[in-house]
Every structure is written in structure tokens, then in C-alpha cells.
Amino acid sequence: TGQTALTYAIAVLIITCPCALALAVPVVQIAAASRLFKRGVMVKVPDGLERIAEVDTVVFDKTGTLTLGEPQLLEPETVPAETLAAAGAIASASRHPFSRALVAAAEARCGSVEVARDVEEKPGEGLLVQTAQGEERLGSAAWCGVGDVSGQTGEVWYRRGNDEPVCFRFADQLRADAGDTVAALKARGLAVALLSGDREAVVTRTAQDAGIDDFVGELKPAGKIAWLEDRANEGHKVLMVGDGLNDAPALAAAHASMSPATAADISQRAADFIFQGRALSPVVEAVNTGSRARAMAFQNFGVALVYNAICVPLAMAGFVTPLIAAIVMSSSSILVTLNAIRLAGGPRS
């Protein structure tokens with residue numbers, strides 16, 4: 001009869017309501033973002049979890065990323081106070097860890113440091129300012145006109161006009177869990193690399209200490225981008241982890257990207273994820289959570305499809321009343337939500 005047909009039609013309409021399908025991905029994304037937030041990682045972009053789940057290579061910057069980014073100036077007492085103050089004045093225009101360390105040393109030695117005006121920063125090279133005493137430069141050896149240098153410590157050079165360049169040497173240390181983080185990423189089958197603008201000798205030592213076999217030093221920002229593009233052309237999907245002004249272009253060029261909360265503002269804007277704290281383990285947590293989120297999204301799709309494949313024919317055959325259809329439809333939505341909640345409250349990856 002017409003009434004029976006209408007009842008069947010209502011049941012079918014209720015059963016085919018796509019609530020479970022519509023919830024399959026969003027609830028997982030919310031649960032994954034909540035999990036990461038509790039562990040000090042902020043997801044900045046809607047598709048960040050999808051992209052980080054696809055990566056097969058993780059690339060780290062050195063200073064401020066693999067290391068704490070809190071270098072100390074070595075033997076500051078050997079540098080004339082006037083030179084230290086002049087270099088500190090230029091360094092105050094930069095957020096690079098070496099610059100901040102130089103400013104701190106200058107303030108400790110001289111009491112206060114006058115901030116230089118109209119300082120020009122060249123990414124990957126250094127700082128430049130015109131003063132009454134002539135052109136002053138602070139940065140890499142090449143930027144200050146120094147020939148080949150060698151050594152196992154980070155260095156910044158200062159030069160005023162035609163005066164003899166002065167070298168400032170710094171010591172930084174790896175994050176406490178850098179080696180464990182690299183090992184955990186390798187255990188997941190991911191390739192790990194280190195790209196840095198520092199000298200080869202310094203980068204080599206840092207890579208060896210962290211357990212990284214693939215590393216390149218003395219790279220300018222364009223070199224990092226070229227490296228990432230080469231990997232992309234080979235079919236690799238790269239997660240870039242960096243913190244400095246020089247890393248912003250590479251972060252934007254990578255398939256997915258992360259920055260510590262201490263990173264330069266431009267790097268934080270370019271990154272897909274921001275992590276807090278002194279540990280590097282949030283990188284592993286983000287990769288693992290992204291992979292689990294993708295797996296759970298597929299599980300939810302499977303639940304929704306199985307629900308429709310079973311219940312729609314039963315409704316069409318008249319075995320499901322509208323009331324039962326409403327209960328079953330709601331149950332499927334609750335099921336996919338509960339599945340996603342497992343991710344939000346699960347143990348550390």
C-alpha cells in the first residue's frame with residue numbers, strides 16, 4: 001500500500017543520511033589536533049596532518065633545531081671591549097642564536113649595548129650597516145672577506161672597513177633527545193638528513209653526534225630549496241624542521257614543515273606545525289599521530305560504508321522501521337566518533 005511504501009521510503013532516507021561519512025574525517029582531525037596540542041604541538045593548517053602522514057624523509061636545520069639554539073660565546077675576555085660592543089650593536093638587529101649570544105656577551109662585558117640603526121640582513125650571509133667609521137659587517141667568513149676557515153665550533157666574523165676581521169667562536173649543544181628522535185624516525189623507515197648554512201666541519205660533527213648519515217653544510221637558503229626540489233622530483237615527500245630566518249623559504253617549499261616555538265616569526269608563519277619545549281620528540285609525535293589519523297579516517301570510512309551496505313538493502317526490503325533506522329544511523333555516527341576519540345586520549349606514540 002501507499003502507507004507501507006512511504007514507511008519504507010522514510011526508513012531508507014534515514015538510513016542513507018550521510019552523518020557517519022561526513023564525520024569520518026573531521027572527528028579524526030579534531031582528535032589528532034587535540035592529542036598534539038596536549039603534547040605541545042600546534043597544528044596550523046587544515047591539511048597539515050594529511051601531509052605529514054605522507055612524508056618519507058625528515059630534514060633538520062642545525063642551530064636552534066637539532067641544537068638548543070643557546071650558544072655561548074667562547075673566551076669573550078680575549079676580545080677588546082670596544083670591538084665586542086660594536087659587534088653586539090649590529091647583532092642586536094638579528095634574532096639568530098649567535099647574534100643573541102653575542103649581544104648577551106657584550107651586555108655582560110660592557111653593561112649596555114647601543115642598538116645599531118638601519119642594519120641590513122642578508123639571509124645566509126650576515127648583517128651590514130654603514131656607520132661614521134665605515135662599513136661594518138657581521139656574519140660568515142666569506143661575507144667578511146675571510147678565506148677558508150676550519151674548526152669544530154660555530155663562528156661569526158666581524159669586520160669594520162679595512163680593519164683585520166675578528167672571529168667570535170660559539171659553543172652550542174644538541175637537544176637532549178636529538179639522537180633518540182633521529183633513531184625513532186629511522187625506525188619508522190624514514191630517511192633523515194641535516195641541511196645547514198654552517199661550515200662543513202661543524203655540520204659533520206653535529207650530524208655524527210645525532211646519528212645522521214646524510215648531511216650538507218655551507219648551504220644558503222637557495223641551496224636548501226634546490227635540495228628539497230631534487231628530492232621532490234625523485235618522488236620523495238619531505239618534512240622540513242627549521243627555526244631561522246634562512247629556513248622560511250625551505251619550510252614553505254617542503255611537503256610538510258615544523259618549527260619550534262622559539263623560531264623567527266617568519267618561520268613560524270611558514271610552518272604547518274609549531275612545537276614547544278626543549279625536546280625534539282614532538283617531531284616523532286606529529287609524524288606518528290598523522291599516520292594514525294590517516295589510518296583511523298580509513299577505518300571510519302570503512303565503518304560508514306559497511307553500515308550503508310548492510311542497512312540500506314534491509315531498509316529497502318522493509319525489515320527496518322523508521323525508528324530502528326534512526327537508532328542505527330545515530331549508532332554509526334557515535335561509533336566513528338568513539339573510534340576517533342581513541343586517538344585523542346591514547347598513549348604516546
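The structure we're discussing is the one just above.
Residues numbered from 1 in each chain as written. Predicted model: local features only at pLDDT ≥ 70, side-chain atom pairs only at ≥ 80, totals over all residues. Heavy atoms only, no water.

K.L.:
So what exactly am I meant to see when it comes to the overall build of the chain here?
P.N.:
When helices and strands are counted, the chain shows 14 helices and 13 strands. What you see for the chain is a C-alpha radius of gyration of 27 Å, clearly larger than the 20 Å of a compact globule of 349 residues, by over 25%. With respect to the principal axes defined by its C-alpha atoms, the chain has extents near 100 × 40 × 35 Å. Long-range pairs, those at least 24 residues apart, make up 65% of the contacts in the chain with a sequence separation of at least 6. (Helix = DSSP H or I, 4+ residues; strand = E, 2+ residues; numbered from the N terminus. Rg over C-alpha atoms; globule rule 2.2 N^0.38 Å. Contact = heavy atoms within 4.5 Å.)

K.L.:
What's the story with the layout of surface pockets in this structure? I'm lost.
P.N.:
If you roll a probe as big as a water molecule over the atoms, it shows you where there is empty space left. Size it by volume and the second largest pocket reaches roughly 260 Å³. Ala89, Glu114, Val115, Ala116 and Thr131 are the residues nearest the centre of the second largest pocket, which is lined by 14 residues in total. Of all the secondary-structure elements, those providing two or more residues to the lining of the second largest pocket are helix H6 (81-91) and strand E5 (126-131). It is H6 that provides the largest number of residues to the lining of the second largest pocket, a total of 4 residues. (1 Å grid on protein atoms, 1.4 Å probe; cavity = no way out; pocket = protein on both sides within 12 Å on 5 of 7 lines; lining within 4 Å. Points joined across faces, edges and corners; volume = space filled by probe spheres on them.)

K.L.:
Where do I start with the pattern of salt bridges in this structure?
P.N.:
Opposite charge on two side chains permits pairing when their charged atoms draw close. Under the counting rule described, the total for this entry stands at 18 salt bridges. A salt bridge links Glu70 to Arg278; its shortest N-O distance comes to 3.0 Å. Of the two residues, Glu70 is situated in the loop between helix H5 (62-66) and strand E3 (72-73) and Arg278 in the loop between strand E13 (273-275) and helix H13 (282-316); the sequence distance between them amounts to 208 residues. For Arg278, a relative accessible area of 48% gives the class partly exposed. A network of salt bridges, in which partner residues are shared, links Arg35, Arg39 and Glu285. (Salt bridge = Lys/Arg side-chain N within 4 Å of Asp/Glu carboxyl O. Buried < 20%, exposed > 50% of the residue type's maximum accessible area, 1.4 Å probe, protein only.)

K.L.:
Please clarify how unusual backbone geometry should be interpreted in this entry.
P.N.:
A negative phi holds for most residues other than glycine; trans holds for most peptide bonds. Look at Asp118: it is not a glycine, yet its phi comes out positive at around 55°. Positionally, Asp118 belongs in the loop between helix H7 (97-110) and strand E4 (120-122). Under the relative-accessibility criterion, Asp118 is labelled exposed at 74%. One non-glycine residue, Glu218, lies in the positive phi region at around 55°. For Glu218, the position within the fold is in the loop between strand E10 (214-216) and helix H10 (221-233). Residue classification places Glu218 among the exposed positions, given a relative accessible area of 52%.

K.L.:
Looking at this structure, I do not really get the packing of helix H1 (residues 2-15) against H13. What am I missing?
P.N.:
When two helices pack together, their arrangement is given by the angle between their axes and by how far apart the axes lie. For the pair H1 and H13, the least separation of the axes is 8 Å and the interaxial angle reads 170°. By the angle between their axes, H1 is roughly antiparallel relative to H13. Contacts from Tyr8, Ala11, Val12, Ile14 and Ile15 in H1 reach Tyr307, Asn308, Cys311, Val312, Ala315 and Met316 in H13. In the contact of H1 with H13, the residues fall into 10 nonpolar, 1 polar and no charged. (Axes fitted to C-alpha atoms, helices over the stretch in contact; angles between N-to-C directions. Parallel < 35°, antiparallel > 145°, perpendicular 65-115°, else oblique. Nonpolar A, V, L, I, M, F, W, Y, C, P; charged D, E, K, R; others polar.)

K.L.:
Got a minute to help me understand the sheet that holds E13 in this structure?
P.N.:
Think of a sheet as strands paired side by side through backbone hydrogen bonds, with each pair either parallel or antiparallel. In space, the 7 strands of this open sheet follow the order E1-E13-E12-E11-E2-E9-E10, with mixed pairing throughout. What marks the edges here is a single partner per strand, and that holds for strand E1 (41-43) and E10. On average, each strand axis in the sheet is inclined to that of its neighbour by 20°, with strand direction left out of account. Two strands pair when backbone bridges link them, and strand E11 (residues 238-241) and strand E12 (residues 256-260) are joined in this way by 3 bridges, in the parallel orientation. Counted as the bridge partner of Met240 is Ser257 from E12. Set on the sheet, helix H8 (residues 178-187) makes contact with strand E2 (57-60) and strand E9 (191-195); between it and E2 the angle comes to about 160°. (Pairing = 2+ DSSP bridges.)

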